[in-house]
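# Results of the structural survey
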Amino acid sequence: MVKKEKRPKRINIKRERQKLLKEKRKQLQKQDLQPDKKSTKKIDIRLEKETKLYWIRAITGILSGIIGRLIFGLFGWWLFLWMLVFWFLTPFIVNKYILKYEYNKEEWNWKNIIKPGLGIYFLLFMIATIFIHTFLAFL
């Protein structure tokens, strides 16, 4: 009698992969049931702060455009400088004196103060000033 050669056992790669995927899904489902409450609370607080700054930026964009063009009669470079002053200084003033958020270098730093609402500020400032300038040109 001839001895059979010892061959390695055949492994079905697809089945093994499916088993591993099932185990991974079970582990993820167990982890998802217990979310970290501290991290979600910090994210919610930060999003709330950014949302308030965003809408304040939108309001200051319209108001600074109207005040700069209609009341002070600024146009050209002076209106541009007026926009930049409100663009960069208003969020810090609002953050410190009106909303009274604490300045924390790790969680709530100057980048988080400047970022929210840059686009909406510029858009509403330009719409307000263009509308008023056009209105004044027709008078």
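Residues numbered from 1 in each chain as written. Predicted model: local features only at pLDDT ≥ 70, side-chain atom pairs only at ≥ 80, totals over all residues. Heavy atoms only, no water.

On inspection of all chains with the given rule, the structure shows one salt bridge. Close ionic contact of lysine 52 with glutamate 48 constitutes a salt bridge, the shortest N to O distance being 3.7 Å. Within this pair, lysine 52 and its partner glutamate 48 are both found in helix α2 (residues 37-71), separated by four residues, close to a single helical turn. (Salt bridge = Lys/Arg side-chain N within 4 Å of Asp/Glu carboxyl O. Helix = DSSP H or I, 4+ residues; strand = E, 2+ residues; numbered from the N terminus.)

In this section: the packing of aromatic side chains. All chains considered together, the criterion is met by eight aromatic pairs. Geometrically, the ring pair formed by phenylalanine 72 and tryptophan 82 is edge-to-face, given 5.3 Å between the ring centres and 65° between the ring planes. Here tryptophan 82 lies in helix α3 (residues 77-98) and phenylalanine 72 lies in the loop between α2 and α3, a separation of 10 residues in the sequence. Relative to phenylalanine 86, the ring of tryptophan 82 lies with its centre 4.9 Å away and its plane at 50°, an arrangement referred to as tilted. Of this pair, tryptophan 82 and phenylalanine 86 both sit in helix α3, separated by four residues, roughly a single helical turn. (Phe/Tyr/Trp six-rings, centres within 6.5 Å; stacked < 30°, edge-to-face > 60°.)

What follows deals with the layout of surface pockets. Roughly 200 Å³ of volume is contained in the largest pocket. In this structure, the largest pocket is lined by Lys42, Ile43, Ile45, Arg46, Lys49, Glu102, Asn104, Glu107 and Trp108. Here the residues of the lining of the largest pocket are counted per class, giving three nonpolar, one polar and five charged. (1 Å grid on protein atoms, 1.4 Å probe; cavity = no way out; pocket = protein on both sides within 12 Å on 5 of 7 lines; lining within 4 Å. Points joined across faces, edges and corners; volume = space filled by probe spheres on them. Nonpolar A, V, L, I, M, F, W, Y, C, P; charged D, E, K, R; others polar.)

A contiguous nonpolar surface patch, about 910 Å² in accessible area, is contributed by Ile59, Leu63, Ile67, Leu70, Ile71, Phe72, Phe135, Leu136 and Leu139. Counting only elements with at least two residues in the nonpolar patch, the list comes to α2 and α5 (118-138). (Patch = residues over 30% accessible without salt bridge, like charges linked within 9 Å, V, L, I, M, F, W, Y side chains within 5 Å. Areas by Shrake-Rupley, 256 points an atom, 1.4 Å probe, with all protein chains shown as cover.)

Below, the discussion takes up empty space enclosed by the protein. Evaluation of the coordinates by the stated rule reveals one cavity of 30 Å³ or more. Taken as a whole, the largest cavity spans an internal volume of roughly 40 Å³. Mapped onto the lining of the largest cavity, the elements with two or more residues apiece are α2 and α3. At four residues, the largest contribution of residues to the lining of the largest cavity is made by α2. Partitioning the lining of the largest cavity into residue classes produces four nonpolar, two polar and one charged.

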